[in-house]
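Results of the structural survey
Each chain, written out:
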Amino acid sequence: MQLLLWVTLIWSFSFSLIGEFLAGKVDPYVAVGSRMALALLLFAPLLVFKPTPVKQALALAGIGAIQLGLMYLLFYHSFLYLTVAEVLLFTILTPVYVTIFDQILRHRRISLLWVGPAVLAVLAALVIRFEAPTTDFWLGLALVQGANLCFAFGQVAYRQLQLGSSLQQSQSFGWFFVGASIIATIGCALFANWQKTPTTTTEWLILLWLGLVASGLGYWLWNAGARQVNANQLAVMNNVLIPAGLLVNFVLWQHAVDWWQFTAGTVLMVLSLIWAKRLS
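Model, not experiment: these values are computed from the prediction.

With respect to the pattern of salt bridges
For the coordinates displayed, the defined rule picks out one salt bridge. Notably, a salt bridge pairs Arg-159 with Asp-102, separated by 3.8 Å at the nearest N-O pair. Placement of the pair is Arg-159 in helix α7 (residues 138–160) and Asp-102 in helix α5 (residues 94–107), with a sequence separation of 57 residues. With respect to class, Arg-159 is no different from Asp-102; both count as buried.

Here it is as structure tokens:
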């Protein structure tokens, strides 16, 4: 759980930096392609000196292609049809997908008892983030749910692999970013606006942070942490980023927060974590 909490903190700062310094200035597909390339660069030396069995390498690359590569393509495309508030609102279903995938892959059935904490986490995030959606949003909604499914599936699939200790995982994790980089490169080739590349030192430094720390270190620690908790704890942690991100935005940039919604939603989130822990 500690690994997931640390990554949540890293990602909450990262979302704030994206919103303040990159959004609208740097093309999102260029940003994602750069992040995946930098993350791969971080792990490349380990791939060279610690060969990975072919079957394991292909599995990791496939999971990376789905969990990050395809997820980002669907996620960023959804902004063509939805407002930022709507995109954030519709991401809250990820905990339910995590629980359902885990139930199907491990038990070949779905237990309503185990879905409970995930549903409570969704309710908590809904209380915190709810804003009435616009009328023409169905395609955007489908794209966000596709992204949620990709991210949820990747987390659960990674939990099923036989990878050894966290140190051993780090030695082969570069293959995860090989798969993600391939899909991100395709996305750049198809959709990127190359007129919107980073132009300032600040933008380049933020991309370095996002690539090496938020993506490289962050996704390795998140997936490693996902193997150390039960599926419901993992599911709930997928939505803890919402209150954490709002709090960071308030502390750093003084963005408005509805404190009644924030408090009520956070209490529900804590209750869902307690419930998930009791099921372990």
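So, the environment of Val-26
Mapped onto the elements, Val-26 comes out in the loop between α1 (2–22) and α2 (28–49). The exposure class assigned to Val-26 is buried, which follows from its relative accessible area of 6%. Sequence separation of Val-26 and Lys-196 is 170 residues, and the distance between their C-alpha atoms is 4.9 Å. Residues within four places of Val-26 in sequence aside, it is in contact with Ala-31, Lys-196, Pro-198 and Glu-203.

Details of a nonpolar patch on the surface
On the surface, Trp-6, Leu-9, Phe-13, Leu-247, Phe-250, Val-251, Leu-252 and Trp-259 cluster together into a nonpolar patch covering about 740 Å² of accessible area. When contributions to the nonpolar patch are tallied by element, the ones reaching two or more residues are α1 and α11 (231–253). With four residues, α11 is the largest single contributor of residues to the nonpolar patch. Topologically, Trp-6 is positioned in helix α1.

Quick notes on empty space enclosed by the protein
Per the counting criterion, the structure on display carries one cavity of 30 Å³ or more. The space that makes up the largest cavity amounts to roughly 40 Å³. In this structure, the largest cavity is lined by Tyr-29, Val-32, Gly-69, Tyr-72, Leu-73, Tyr-76 and Ala-184. For the lining of the largest cavity, the secondary structure elements donating two or more residues are α2 and α3 (54–78). It is α3 that provides the largest number of residues to the lining of the largest cavity, a total of four residues. Grouping the amino acids of the lining of the largest cavity by side-chain chemistry returns six nonpolar, one polar and no charged.

Some words on the packing of α7 against helix α10 (residues 201–226)
Geometrically, a packed helix pair is captured by the angle between its two axes and the distance between the axes. With their axes 8 Å apart at the nearest point, α7 and α10 run at an angle of 60 degrees to one another. Classified by the angle their axes make, α7 and α10 are oblique. In terms of crossing hand, the pair formed by α7 and α10 is right-handed. Contacts from Phe-151, Gln-155, Tyr-158 and Arg-159 in α7 reach Tyr-219, Trp-222, Asn-223, Ala-224 and Ala-226 in α10. The residue inventory of the contact of α7 with α10, partitioned by class, reads six nonpolar, two polar and one charged.

Considering the nonpolar core
The tendency in soluble globular proteins is for nonpolar side chains to be buried side by side. Trp-11, Leu-68, Met-71, Phe-177 and Tyr-219 are the most contacted members of the largest nonpolar core, which has 73 residues in total. Tallying contributions element by element places α10 first for this core, with 10 residues. If we skip the residues at most four places from it in the chain, Phe-177 touches Met-36, Ala-39, Leu-40, Phe-43, Leu-68, Ser-215, Gly-216 and Tyr-219.

Notes on α2
For α2, with 22 residues, the first-to-last C-alpha span of 33 Å sits near the 32 Å given by 1.5 Å per residue. Of all the bends found along α2, the most pronounced is centred on Phe-43 and spans about 45 degrees, while Pro-45, a proline, follows it within four residues. Lining the buried residues of α2 we find α1, α3, α8 (166–172), α9 (174–191) and α10. For α2, the N-terminal cap is Asp-27; the gap from its side-chain oxygen to the backbone nitrogen of Tyr-29 is 3.0 Å.

A look at the packing of aromatic side chains
Throughout the structure, instances matching the rule amount to 15 aromatic pairs. On the numbers, 6.3 Å between centres and 75 degrees between planes, the contact of Phe-43 with Trp-220 is edge-to-face. A residue pair is termed long-range when its members are at least 10 positions apart, and Phe-43 in helix α2 and Trp-220 in helix α10 qualify at 177 residues. In textbook terms, an aromatic cluster arises when at least three aromatic residues are bridged by ring pairs, as seen for Phe-43, Tyr-158, Phe-173, Phe-176, Phe-177 and Trp-220.

Some points on the packing of α3 against α9
Between α3 and α9, the shortest axis-to-axis distance is 6 Å and the interhelical angle comes to 35 degrees. Note on packing geometry: the crossing formed by α3 with α9 is right-handed. Across the interface between the two elements, Ala-57, Leu-60, Ala-61, Ile-63, Gly-64, Ala-65, Gln-67, Leu-68, Gly-69, Leu-70, Leu-73 and His-77 from α3 touch Trp-175, Phe-176, Phe-177, Gly-179, Ala-180, Ile-183, Gly-187 and Phe-191 from α9. When grouped by side-chain class, the residues that make up the contact of α3 with α9 number 14 nonpolar, six polar and no charged.

Rules used throughout
Residues numbered from 1 in each chain as written. Predicted model: local features only at pLDDT ≥ 70, side-chain atom pairs only at ≥ 80, totals over all residues. Heavy atoms only, no water. Salt bridge = Lys/Arg side-chain N within 4 Å of Asp/Glu carboxyl O. Helix = DSSP H or I, 4+ residues; strand = E, 2+ residues; numbered from the N terminus. Buried < 20%, exposed > 50% of the residue type's maximum accessible area, 1.4 Å probe, protein only. Contact = heavy atoms within 4.5 Å. Patch = residues over 30% accessible without salt bridge, like charges linked within 9 Å, V, L, I, M, F, W, Y side chains within 5 Å. Areas by Shrake-Rupley, 256 points an atom, 1.4 Å probe, with all protein chains shown as cover. 1 Å grid on protein atoms, 1.4 Å probe; cavity = no way out; pocket = protein on both sides within 12 Å on 5 of 7 lines; lining within 4 Å. Points joined across faces, edges and corners; volume = space filled by probe spheres on them. Nonpolar A, V, L, I, M, F, W, Y, C, P; charged D, E, K, R; others polar. Axes fitted to C-alpha atoms, helices over the stretch in contact; angles between N-to-C directions. Parallel < 35°, antiparallel > 145°, perpendicular 65-115°, else oblique. Left-handed = near helix turned anticlockwise from the far one by under 90°. Core = buried A, V, L, I, M, F, W, Y, C linked by side-chain atoms within 4.5 Å. Expected span 1.5 Å × (residues − 1). Bend = angle between axes of the 7 residues up to and from the residue. Polar contact = N/O pair within 3.5 Å; in protein donor to acceptor, adjacent residues only side chain to side chain. Phe/Tyr/Trp six-rings, centres within 6.5 Å; stacked < 30°, edge-to-face > 60°.

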